[in-house]
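A closer look at the structure
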Amino acid sequence: MKKLLSWGGVGLLTTALLDPVLYSMLEQPVPWGRDLVMAATGIGCLYLLIKLRNSF
């Protein structure tokens, strides 16, 4: 569970930050809603990882 939350948090945050760069290079409109949801989910994963660190 700890590894899943770590990978999920890091992967989602990285994707949410790099996705607008990729779309701007391709000259397409950036899907901001999807990026915000990915960033919020990544932050949520890291929050759960920190909050529940003693129970793993």
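Structure: see above.
The present account deals with the structure reproduced in this document. Small disclaimer: the values here were computed from a predicted structure and weren't measured.

The rules behind each value
Residues numbered from 1 in each chain as written. Predicted model: local features only at pLDDT ≥ 70, side-chain atom pairs only at ≥ 80, totals over all residues. Heavy atoms only, no water. Helix = DSSP H or I, 4+ residues; strand = E, 2+ residues; numbered from the N terminus. Expected span 1.5 Å × (residues − 1). Buried < 20%, exposed > 50% of the residue type's maximum accessible area, 1.4 Å probe, protein only. Arc of directions from axis to C-beta. Contact = heavy atoms within 4.5 Å. Axes fitted to C-alpha atoms, helices over the stretch in contact; angles between N-to-C directions. Parallel < 35°, antiparallel > 145°, perpendicular 65-115°, else oblique. Left-handed = near helix turned anticlockwise from the far one by under 90°. Salt bridge = Lys/Arg side-chain N within 4 Å of Asp/Glu carboxyl O.

1. Here we look at unusual backbone geometry
Not every positive phi belongs to a glycine, and E27 is a case in point at roughly 55 degrees. Among the secondary structure elements, E27 is positioned in the loop between α1 (2–25) and α2 (32–51).

2. Here's the deal with α2
The end-to-end C-alpha distance of α2, which contains 20 residues, comes to 28 Å, matching closely the 28 Å that a straight helix rising 1.5 Å per residue would cover. Along α2, the residues that are buried comprise D35, M38, G42, C45 and L49. Projected down its long axis, α2 shows its buried positions confined to an angular sector of 90 degrees, all on one face. The exposed residues of α2 that point more than 90 degrees off its buried face are W32, L36, V37, I43, Y47, I50 and K51. Where α2 is buried, its residues contact α1.

3. Description of the packing of α1 against α2
Between α1 and α2, whose axes approach to 8 Å, the crossing angle comes to 155 degrees. The angle between the axes of α1 and α2 places the two elements in the roughly antiparallel class. At the point where α1 passes α2, the crossing takes the left-handed sense. Mapping the contact onto sequence places K2, L5, S6, G8, G9, L12, L13, T15, A16, D19, P20 and Y23 in α1 and W32, R34, D35, M38, A39, T41, G42, I43, C45, L46, L48 and L49 in α2.

4. Things to note about the pattern of salt bridges
Inspection of the entire model under this criterion finds one salt bridge. Two residues, D19 and R34, come together in a salt bridge whose shortest N-O distance is 2.6 Å. Here D19, found in helix α1, pairs with R34, found in helix α2; they are 15 residues apart in sequence, far enough to count as distant. Taking the relative accessible area as the measure of exposure, R34 reaches 39% and is therefore partly exposed.

5. Comments concerning the environment of L18
Looking at the secondary structure, you find L18 in helix α1. As for L18 and D35, which are separated by 17 residues in sequence, their C-alpha atoms are 9.4 Å apart.

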